[in-house]
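This is what each chain is made of:
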Amino acid sequence: MSDGHFPTIALIGIGLIGSSLARVVRREGLADRIVVSTRSADTLKRAEELGLGDAYTTDAAEAVQDADLVIVSVPVGASGDVARTIAPALKAGAIVSDVGSTKASVIAQMAPELPDTVHFIPGHPLAGTEKSGPDSGFAELFENRWCIFTPLPETDPAALEKLSAFWRACGANIDTMDPEHHDKVLAIVSHLPHIIAYNIVGTADDLQTVTKSEVIKYSASGFRDFTRLAASDPTMWRDVCLYNREAILEMLARFSEDLFFLQRAIRWGDGEKLFDLFSRTRDVRRSIIEAGQEVNAPDFGRQVAAHPEKGSKPA
Ligand SMILES: NC(=O)C1=CN([C@@H]2O[C@H](COP(=O)(O)OP(=O)(O)OC[C@H]3O[C@@H](n4cnc5c(N)ncnc54)[C@H](O)[C@@H]3O)[C@@H](O)[C@H]2O)C=CC1
Ligand SMILES: O=C(O)C(=O)Cc1ccc(O)cc1
């Protein structure tokens, strides 16, 4: 069984995710050599100042030429360009993966560009923050978090196992699903929450009757939680919306219907309906917290350990 080590790893894109990978790869000794590449010379210089790699280049093709594992960590809309650039330089037998928040569109962009001599295995670590850039990464980011692979029908199981061992060594738990299913699940659990946050913070910002200083001064913790999500990288989230369009629109349609139902209940003073919904949603939160207390439940375990819920008893 593989130990997750690769002689040379190329990281294309060195923002929050790429730099977190660089840090954990270094800490765990998962590569003999880390080659860092990104489009912007300023970002590359910063990565070098932070000592994230062993070699640095703005030329992605040069970065991948000796790489046994290539991980592309760029906004999803740039995946096709990156694949086209690196394709002629890839070593036969190399594993090429990504970390993009959407999967079907990344596969549609990258798979046709890559040669048959490499193993393309799309991936997505369900781990992140609202921050971006090489300074924001940290080696612990993937600890006890899911990393989902959406392998292609022709994916070599041995290559998938090698990549899984790598991510396990980074601290992640592995799951696989088909790309369309991934995109639907992520649309509701990740993409919609961000879109709703962008929207509510935008609405508050537009309000004429409440001054901006009052929004800042009186923002209660609920609104503050939204502002954290709404501070996420605009390029990344623009691309998520553009490249997971169908699934997001489907979930938004359901969301709007439910919001209409809620609006009616408020208008007609239907306390029973409001109480039923709010009780049901509280149960969801409790289930998540309970699941997080299990040793192997990845997504919320770390947060629960760090910030135990006070006074919240199991339902
Ligand atoms: N931020 C988050 O919480 C998470 C992000 N992701 C996914 O990871 C990917 C990267 O996101 P972050 O690291 O957060 O973004 P980031 O904004 O921190 O970093 C993006 C990096 O890509 C580089 N880049 C942009 N366009 C490029 C191009 N055409 N060629 C080469 N490099 C290019 C930038 O210079 C930068 O180094 C995205 O696809 C995102 O959907 C996945 C999980 C969590
Ligand atoms: O910051 C948060 O709360 C996140 O939800 C981070 C995140 C953003 C995008 C992903 O594809 C996965 C995780």
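Residue positions are given per chain, counted from 1 along the sequence in the order it is written. Written order determines the labels here, with chains lettered from A and ligands numbered from 1. In keeping with the model being predicted, local features are shown solely for residues with a pLDDT of at least 70 and side-chain atom pairs are shown and tallied solely at 80 or more, while totals for entire chains, interfaces and linings include all residues. Computation of side-chain values: all heavy atoms of the structure, hydrogens and water removed.

The protein is annotated in an unreviewed UniProt entry as Prephenate/arogenate dehydrogenase family protein from Mesorhizobium liriopis.

A. Up close: the overall build of the protein. Only runs of H or I of at least four residues qualify as helices and only runs of E of at least two qualify as strands under DSSP, and these elements are numbered from the N terminus. Secondary structure summary: the protein contains 13 helices and 9 strands in total. We compute the radius of gyration from the C-alpha atoms alone; for a globule the expected value is 2.2 Å times N to the 0.38, where N is the number of residues. For 315 residues, the compact-globule estimate of 2.2 N^0.38 gives 20 Å, and the protein sits close to it at 21 Å. Dimensions of the protein, computed from C-alpha atoms along their principal axes, come out at roughly 65 × 40 × 35 Å. A simple rule labels every residue: compare its accessible area, found with a 1.4 Å probe on the protein chains alone, to the largest value its type can have, and call it buried under 20%, exposed over 50%, or partly exposed in between. Buried positions account for 42% of the 315 residues belonging to the protein. A sequence separation of at least 24 residues applies to 74% of the contacts in the protein between residues at least 6 apart. With residues, only the protein chains shown are counted as cover, and all accessible areas are computed by Shrake-Rupley using a 1.4 Å probe. Entry remark: accessible area of the protein is about 16900 Å², with carbon and sulfur atoms responsible for 55%. This count recognises Lys and Arg as positive and Asp and Glu as negative, with His and chain-terminal groups excluded. For this purpose, a charge sits on NZ of Lys, CZ of Arg, CG of Asp or CD of Glu. The averaged location of the 44 negative side-chain charges in the protein is 7 Å from the averaged location of its 32 positive side-chain charges. Only heavy atoms matter for contacts: two residues are in contact if any of them lie within 4.5 Å across the pair.

B. The arrangement of the side chain of Ser219 in detail. Here Ser219 shows up in the loop between α8 (212-217) and α9 (221-230). Among the polar contacts made by the side chain of Ser219, one reaches the side chain of Arg224 at a distance of 3.3 Å. Beyond its immediate chain neighbours, meaning those up to four positions away, Ser219 contacts Glu214 and Arg224. Contacts described as polar in this section are N or O atom pairs within 3.5 Å, which, within protein, must combine one atom able to donate a hydrogen with one able to accept it, while residues neighboring in sequence count only if both atoms come from side chains.

C. The nonpolar core, seen in detail. Leu21, Phe142, Phe166 and Trp167 are the most contacted members of the largest nonpolar core, which has 35 residues in total. The set of elements that each furnish at least two residues to this core consists of β1 (6-12), α1 (16-28), β2 (31-37), α2 (41-49), β4 (69-72), β8 (146-149) and α6 (157-169). Examining the composition of this core, we find that 6 residues originate from one element, α1, more than from any other. With near-sequence residues (within four places) excluded, Phe142 lies in contact with Ile17, Ser20, Leu21, Val24, Pro125, Ala127, Trp167, Cys170, Gly171 and Ala172. Residues enter a nonpolar core if they are buried and are Ala, Val, Leu, Ile, Met, Phe, Trp, Tyr or Cys, with the set joined through side-chain atoms within 4.5 Å.

D. View of the site of ligand 1. With respect to spatial proximity, 25 residues lie near ligand 1, and among them Leu16, Thr38, Val74, Ser101 and Gly133 are the closest. The backbone of Val74 places a nitrogen or oxygen atom 2.7 Å from an oxygen atom of ligand 1. A distance of 2.7 Å separates an oxygen atom of ligand 1 from a polar side-chain atom of Ser101. For ligand 1, the protein covers 88% of the area, taking 830 Å² as the surface of the free molecule. Any residue with a heavy atom lying within 4 Å of a molecule or strand is counted as near it.

E. Spotlight on the sheet that holds strand β6 (residues 119-121). Strands qualify as paired when DSSP identifies two bridges or more between them. Ordered in space as β3-β2-β1-β4-β5-β6, the 6 strands form an open sheet in which the pairing is parallel. The open sheet has two free edges, formed respectively by β3 (55-57) and β6, since each of these has just one partner strand. If you compare each strand with its neighbour and ignore which way they point, the axes differ by 20° on average. With 3 bridges joining them, β2 and β3 adopt parallel strand pairing. Residue Val36 lies in a different strand from β3, and its bridge partner there is Tyr56. In this description, a line fitted to the C-alpha atoms serves as the axis of each element, helices being fitted only across the stretch in contact, and the angle between N-to-C directions of two axes falls anywhere from 0 to 180 degrees.

F. Geometry of the pairing of β8. When strand β7 (residues 123-125) meets β8, the two strands line up antiparallel, connected through 3 bridges. Across the sheet, the residue bridging to Gly123 is Phe149, located in β8. Pairing of β8 with strand β9 (residues 173-176) involves 4 bridges; the strand directions are parallel. Bridged to Cys147 within β9 is Ile174.

G. Seen up close, the site of ligand 2. Taken together, Ser101, His124, Ala127, Gly128, Thr129, Glu130, His194, Arg228, Leu229, Met236 and Trp237 are the residues near ligand 2. Between ligand 2 and His124 there is a distance of 2.6 Å, counted from an oxygen atom to a side-chain nitrogen or oxygen. In isolation ligand 2 offers 340 Å² of accessible surface; the protein chains occlude 81% of this area. Secondary structure elements with two or more residues in the shell around ligand 2: α9 and α10 (234-243). Mapped onto the domain boundaries, the shell around ligand 2 takes at least three residues apiece from domain 1 (6-178) and domain 2 (181-306). Segmentation of the chain into domains, including their bounds, is taken from an automatic or database domain assignment.

H. A look at the packing of helix α7 (residues 179-206) against α9. Running from amino to carboxyl end, α7 crosses α9 at an angle of 110°, the nearest separation of the two axes being 8 Å. With respect to their mutual orientation, α7 and α9 come out roughly perpendicular. Like other packed secondary-structure pairs, α7 and α9 cross with a definite hand, here left-handed. Across the interface between the two elements, Pro193, His194, Ile196, Ala197, Tyr198, Ile200, Val201 and Ala204 from α7 touch Phe223, Phe226, Thr227, Leu229 and Ala230 from α9. Under the scheme applied, nonpolar residues are Ala, Val, Leu, Ile, Met, Phe, Trp, Tyr, Cys and Pro; charged residues are Asp, Glu, Lys and Arg; polar residues are all the others, including Gly. Tallied by class, the residues present in the contact of α7 with α9 amount to 11 nonpolar, 2 polar and no charged. Between 65 and 115 degrees an angle is taken as roughly perpendicular, under 35 as roughly parallel, over 145 as roughly antiparallel, and anywhere else as oblique. Each crossing is labelled by how the near helix is turned from the far one, with a counterclockwise turn of less than a right angle marking it left-handed and a clockwise turn marking it right-handed.

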